[in-house]
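Residues per chain, in single letters:
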There are 2 protein chains.
Amino acid sequence: MVLENIRVVLVGTSHPGNIGGAARAMKNMGLSQLVLVDPQEFPSDEAVARASGATDILQGAQVVGALEEALVGCRLVLGTSARDRHIPWPMLEPRECGVTACEQARQGAQVALVFGREYAGLTNEELQRCHYHVHIPSDPAFSSLNLAAAVQVLAYEVRMAWLASEGQPIKQVSVAEEGDEPVMADELESFYRHLEQALVEIGFLDPLRPRHLMSRLRRLYGRSSVSRLEMNILRGILTETIKAARGEHHKREKADV
Amino acid sequence: MVLENIRVVLVGTSHPGNIGGAARAMKNMGLSQLVLVDPQEFPSDEAVARASGATDILQGAQVVGALEEALVGCRLVLGTSARDRHIPWPMLEPRECGVTACEQARQGAQVALVFGREYAGLTNEELQRCHYHVHIPSDPAFSSLNLAAAVQVLAYEVRMAWLASEGQPIKQVSVAEEGDEPVMADELESFYRHLEQALVEIGFLDPLRPRHLMSRLRRLYGRSSVSRLEMNILRGILTETIKAARGEHHKREKADV
């Protein structure tokens, strides 16, 4: 079922009650896949109490140590964010978030809705693992929603998008050739590591003064829906680049060029 | 201010925590008028705790004995309801509720959003005091939202309607930075030439057997709306790559890495 392809990921939750509230919010809207990244306290009676009948969601919850584990298999990652972070990132409103998540889920892709810590949100590094950031419009003077309440709003918009899409033909993404489908988030992460390595190797990235290079590159490739075939090409380029930097490559004779 | 004309009315709330959660949800969305009809326990430390900074809303809350007192002065009353009540009533979805409430509030009318008891909702008599009933779409198998979560959803839709009506563009564009604009087509062409050169230099592209490599890369970057800043980065990478391939780059000491 479509909604089963959408997972809610809670990162570093401090208050177990919020985990319960989130589980209830999810189940109310037909979502069921919950992943907890490094929760302060879980399982917990408080979570059960606030889940108010959504205990199956709690029992089925995966608990992992880092965000990247929570995103394995995901083709689309949407993370909540306050606005005005240092580097602008493609932003979605909750409504667009719901529509986008639903579209992808209908095509069989795994989608993650990522929520941060109650007081600190997501780290810059975690935000960079997201294809889009979602900001829930709120009063700037008092802008931070309760975690379970934020889950409720996005889950509600997902359900609204899903209800609207039911009975509509699934927009078939023409997979023109094999390898055309976008890569998973974890594969993209491997690519970034490889890319960083290459950039250090050629002397373009100074690991002591990385500045914002990698986040700018993540933003570029993150929004490009890099396909499997393209990823293979890019990684091939990186491999050869590293070899070339180490003097190990096969240099073509000038005459050939 | 428009949003001051919209009051949230909680009838017979059992859990003081929910009153706090509702206050926070309201304040997040710019609402401030809270009325409590026969609350089980108020004031309460639990309410303050869950209000998480919205204590002004709690302090300003009116406490009355019956719903009709809470509705004095209201021109429009919207009450939450599960579907399938005994007598069909004009129903609104949360989105229409937000739009309708906002329209009336802009004309100076007092509007009430009425929420019922956690376990029993509103009585038939109370429901009949409402002009419209509002049902938040939910999974029929698990349809009852937490009270504060329900307040969050309706308050969110009110704010969305209000933002739309204020002439503010709903689509919130993240603050662009200098260099964010996409490059011109001819600049992109220069980039592809540079890229091709680098790929030949590192031995990844065989000019005698180019196959479809460049067209695949063009397809990737072409759809990515590469910005000026990103282009500068990519061209810098290509320049260093070519140098590295020629043995001309500054190799970082392993110790630095």
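Everything numeric in this text was worked out from a predicted model, so none of it was measured.

Caption draft 1: Spotlight on the domain arrangement of chain A. Residue and element names in this part refer to chain A. According to the domain assignment, chain A consists of domain 1 (3-165) and domain 2 (185-256). The distance between the C-alpha centroids of domain 1 and domain 2 comes to 31 Å. Across the boundary between the two partners, domain 1 contributes 14 residues, which contact 13 residues of domain 2. With both sides pooled, the region where domain 1 packs onto domain 2 buries about 1100 Å², and carbon together with sulfur makes up 55% of that total. Taken as a group, I87, Q128 and H131 account for 40% of the area that domain 1 buries against domain 2, more than any other trio of residues on that side. Scanning the region where domain 1 abuts domain 2 turns up two salt bridges. Between E68 and R193 there is a salt bridge, with the nearest N and O atoms lying 3.7 Å from each other. Inspection of the region where domain 1 meets domain 2 yields four residue pairs in polar contact (both at pLDDT 80 or more).

Caption draft 2: Spatial organisation of the pairing of strand β1 (residues 6-11) of chain B. Residue and element names in this part refer to chain B. Among the six residues in β1, six count as buried, and that is most of the element. Here β1 shows no split at all, with I6, V8 and L10 on one side and R7, V9 and V11 on the other all buried. Examined bridge by bridge, β1 and strand β2 (residues 33-37) share five bridges and lie parallel to one another. Its bridge partner lying in β2, L10 is registered against L36. With helix α1 (residues 16-28) bridging β1 and its parallel neighbour β2, the resulting β-α-β unit is right-handed.

Caption draft 3: Spotlight on the sheet that holds strand β4 (residues 74-80) of chain A. Residues and elements named next belong to chain A. Taken in spatial order, the seven strands make up an open sheet running β3-β2-β1-β6-β4-β7-β5, and their pairing is parallel. Looking along the sheet, the strands with just one partner apiece sit at the ends: β3 (62-64) and β5 (91-92). Where β4 and strand β7 (residues 132-134) come together, three bridges link them in parallel fashion. Within the sheet, the bridge partner assigned to L78 lies in β7 and is Y132. The strands touched by helix α7 (residues 147-165) are β1 (6-11), β4, β6 (110-115) and β7; relative to β6, the strand with the most contacts, the crossing angle is about 150°.

Caption draft 4: Inspection of helix α10 (residues 228-245) of chain B at higher detail. The terminal C-alpha atoms of α10 of chain B lie 26 Å apart, and with 18 residues this matches the ideal 26 Å at 1.5 Å per residue to within 8%. By the burial criterion, the buried members of α10 of chain B are E230, M231, I233, L234, G236, I237, L238, E240, T241, I242, A244 and A245 of chain B.

Caption draft 5: Region of the structure containing the packing of helix α5 (residues 94-106) of chain B against helix α7 (residues 147-165) of chain B. Residues and elements named next belong to chain B. Put simply, α5 and α7 touch, their axes get as near as 8 Å, and they point 55° apart. With respect to their mutual orientation, α5 and α7 come out oblique. As α5 runs across α7, the sense of the crossing is right-handed. The residues of α7 that touch α5, namely those facing P94, R95, C97, G98, V99, A101, C102 and R106, are V153, L154, E157, V158, A161, W162 and S165. Split into classes, the residues belonging to the contact of α5 with α7 amount to 10 nonpolar, two polar and three charged.

Rules of the game
Residues numbered from 1 in each chain as written. Chains lettered and ligands numbered in written order. Predicted model: local features only at pLDDT ≥ 70, side-chain atom pairs only at ≥ 80, totals over all residues. Heavy atoms only, no water. Domains from an automatic or database assignment. Contact = heavy atoms within 4.5 Å. Buried area = accessible area lost by both parts, 1.4 Å probe. Salt bridge = Lys/Arg side-chain N within 4 Å of Asp/Glu carboxyl O. Polar contact = N/O pair within 3.5 Å; in protein donor to acceptor, adjacent residues only side chain to side chain. Buried < 20%, exposed > 50% of the residue type's maximum accessible area, 1.4 Å probe, protein only. Helix = DSSP H or I, 4+ residues; strand = E, 2+ residues; numbered from the N terminus. Pairing = 2+ DSSP bridges. Right-handed = clockwise from strand over helix to strand, strands pointing away. Axes fitted to C-alpha atoms, helices over the stretch in contact; angles between N-to-C directions. Expected span 1.5 Å × (residues − 1). Parallel < 35°, antiparallel > 145°, perpendicular 65-115°, else oblique. Left-handed = near helix turned anticlockwise from the far one by under 90°. Nonpolar A, V, L, I, M, F, W, Y, C, P; charged D, E, K, R; others polar.

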